[in-house]
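# Structure at a glance
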Amino acid sequence: MKKLALITLLGILTINSYSQKFGHINSQEILSIMPQINSIEGKLQDHIKQLESQLASMESEFQAMYQDYVENQESYDDLTKQDKEAEIRGLELRIQQFQQNAQKSIQQKQEEELEPILKEVNEAIKKVAEKGKYTYILDSSVGVLLYAKESENILEKVKDELGL
C-alpha cells in the first residue's frame, strides 16, 4: 500500500515538473540598455565629484596643518605640541570617517536612482511571465543559472514589453 502511494506521488510530481515552464534573463544586460541608465550614471558621477572635492579640501587642510606643525614644532612648548598633534589626529580621523560615509552615500544614491528602473524591469518581467505562463524565471547575471537547455531566454520579450 505504501509503495503504491509513493509511486502515485512520484507520478504526480513528474507530471507537474513537465508542465512547468522555465525562463531566464540577464538582468544586467537589460539594465544596461535602459535609456535612463545614462542619466543615472551622470548623476552618480556628479555626486562622486562633489564628494571627491570635499575630500580634497579636507586633505589639503590636513597637509597644511601637518606642514605647519613640522616647520614650527621646535618653537612649540609641550602643551602646544600635544594640542597640535591632537588636532592633526582629529582631522585625520574626520577624513577617514568622511571616506567611509562617502562610500555609503554613493551606494545609497545608486540604489535610490536605480529603484524606479528596477521596479519597471521587474514589472515587465512579471508581465512576460504571466503572458508566457512561466513557472520560474531565473536571473543568469547573478550566477543562479547553471544549466539552461530547457529554459527560454526572455530578454527580447522583456525588451518588447519595455518598448526597447
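Our structure is the block above this text.
Now for a look at the structure at hand. None of the values given here were measured: they were computed from a predicted structure.

### Digging into the side chain of Ser27
Tracing the chain through its elements places Ser27 in helix H2 (residues 27-32). Setting aside residues up to four positions removed in sequence, Ser27 forms contacts with Asp139 and Ser141.

### Structural notes on helix H5 (residues 155-162)
By the burial criterion, the buried members of H5 are Leu155, Val158, Lys159 and Leu162. Buried residues along H5 cover an arc of 100° about the axis, so they all sit on one side. Two residues or fewer after H5 comes Gly163, characterised by a positive phi angle close to 75°.

### Some words on the nonpolar core
Counting residues in each nonpolar core, the largest one holds 19 residues, and the members touching the most others are Ile117, Val121, Ile154, Val158 and Leu162. Of all the secondary structure elements, the ones that give two or more residues to this core are H2, helix H3 (37-72), helix H4 (78-132) and H5. The element that contributes the greatest number of residues to this core is H4, accounting for 7 residues. If we skip the residues at most four places from it in the chain, Leu162 touches Ile30, Met34, Glu120, Val121 and Ala124. Leu51, Leu55, Met58 and Leu91 belong to the second largest nonpolar core, which has 13 residues in total.

### Focus: the packing of aromatic side chains
All chains considered together, the criterion is met by 3 aromatic pairs. Ring plane angle 10° and centroid distance 6.3 Å describe the contact between Phe62 and Tyr66, whose orientation is recorded as stacked. A residue pair is termed a helical-turn pair when its members lie 3 or 4 positions apart in one helix, as Phe62 and Tyr66 do in helix H3 at 4 residues. On the accessibility criterion, Phe62 (16% relative accessible area) is buried. On the basis of relative accessible area, Tyr66 is assigned to the partly exposed category, the value being 40%. Against the face of Tyr134 rests Lys21, its NZ or CZ located 4.7 Å from the ring centre.

The rules behind these values
Residues numbered from 1 in each chain as written. Predicted model: local features only at pLDDT ≥ 70, side-chain atom pairs only at ≥ 80, totals over all residues. Heavy atoms only, no water. Helix = DSSP H or I, 4+ residues; strand = E, 2+ residues; numbered from the N terminus. Contact = heavy atoms within 4.5 Å. Buried < 20%, exposed > 50% of the residue type's maximum accessible area, 1.4 Å probe, protein only. Arc of directions from axis to C-beta. Core = buried A, V, L, I, M, F, W, Y, C linked by side-chain atoms within 4.5 Å. Phe/Tyr/Trp six-rings, centres within 6.5 Å; stacked < 30°, edge-to-face > 60°. Lys NZ or Arg CZ within 6 Å of the ring centre and 35° of its normal.

These figures come from the coordinates and say nothing about function on their own.
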